[in-house]
Amino acid sequence: ALKITHECINCDVCEPVCPNHAIYQGVEIYEIDPDLCTECVGHFDKPQCQTVCPVDCIPLDPEHAETREQLMEKYRRLVNVV
Ligand code: SF4
Ligand code: SF4
């Protein structure tokens, strides 16, 4: 999964582009639910939130490092085709 850092300026452009609805407005900044973020695997070649973020504040979350296979499995679980 990816995570949003405190450099987030709450511009709101990432939330609507997430195919998994993993991004939401938290208490101070936008946040990503790691259970829903597939790093866009299954939907797009590149993480869509990273593509649109104007301040480049959405790195990989080292606490939720996953292989491509694990991300694909999460994608299948989310779309119910396991
Ligand atoms: Fe959503 Fe993709 Fe960003 Fe993960 S990488 S939060 S799935 S847009
Ligand atoms: Fe924050 Fe970047 Fe999302 Fe804008 S696009 S809300 S700056 S994480």
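In case you missed it, the structure is sitting above this.
Calculation notes
- Residues numbered from 1 in each chain as written.
- Chains lettered and ligands numbered in written order.
- Predicted model: local features only at pLDDT ≥ 70, side-chain atom pairs only at ≥ 80, totals over all residues.
- Heavy atoms only, no water.
- Helix = DSSP H or I, 4+ residues; strand = E, 2+ residues; numbered from the N terminus.
- Rg over C-alpha atoms; globule rule 2.2 N^0.38 Å.
- Buried < 20%, exposed > 50% of the residue type's maximum accessible area, 1.4 Å probe, protein only.
- Contact = heavy atoms within 4.5 Å.
- Areas by Shrake-Rupley, 256 points an atom, 1.4 Å probe, with all protein chains shown as cover.
- Polar contact = N/O pair within 3.5 Å; in protein donor to acceptor, adjacent residues only side chain to side chain.
- Near = heavy atom within 4 Å.
- Nonpolar A, V, L, I, M, F, W, Y, C, P; charged D, E, K, R; others polar.

Describing the overall build of the protein
On a plain count of helices and strands, the protein comes out with two helices and two strands. For 82 residues, the compact-globule formula gives about 12 Å, and the C-alpha radius of gyration of the protein, at 12 Å, lands near that figure. Out of the 82 residues belonging to the protein, those deemed buried represent 34%. Sequence-distant contacts, at least 24 apart, represent 64% of the contacts inside the protein between residues at least 6 apart. On the protein, roughly 5300 Å² of surface is accessible, and the fraction owed to carbon and sulfur atoms is 50%.

Describing the side chain of Asn20
Assignment of secondary structure puts Asn20 in the segment before strand E1 (23–25). Residue classification places Asn20 among the buried positions, given a relative accessible area of 12%. Only 3.0 Å separates the side chain of Asn20 from the side chain of Thr38, close enough to count as a polar contact. Residues within four places of Asn20 in sequence aside, it is in contact with Leu36, Cys37, Thr38, His43 and Leu78.

With respect to the site of ligand 1
Close contacts around ligand 1 come from Leu2, Cys18, Pro19, Asn20, Ile23, Ile32, Cys37, Thr38, Glu39, Cys40, Pro47 and Cys49, and that covers them all. Broken down by class, the residue content of the shell around ligand 1 amounts to nine nonpolar, two polar and one charged.

Considerations on unusual backbone geometry
The backbone phi angle of Cys40 is positive, close to 70°, even though this residue is not glycine. Tracing the sequence through the fold places Cys40 in the loop between strand E2 (30–32) and helix H1 (48–52). Overall, the relative accessible area of 8% leaves Cys40 in the buried class.

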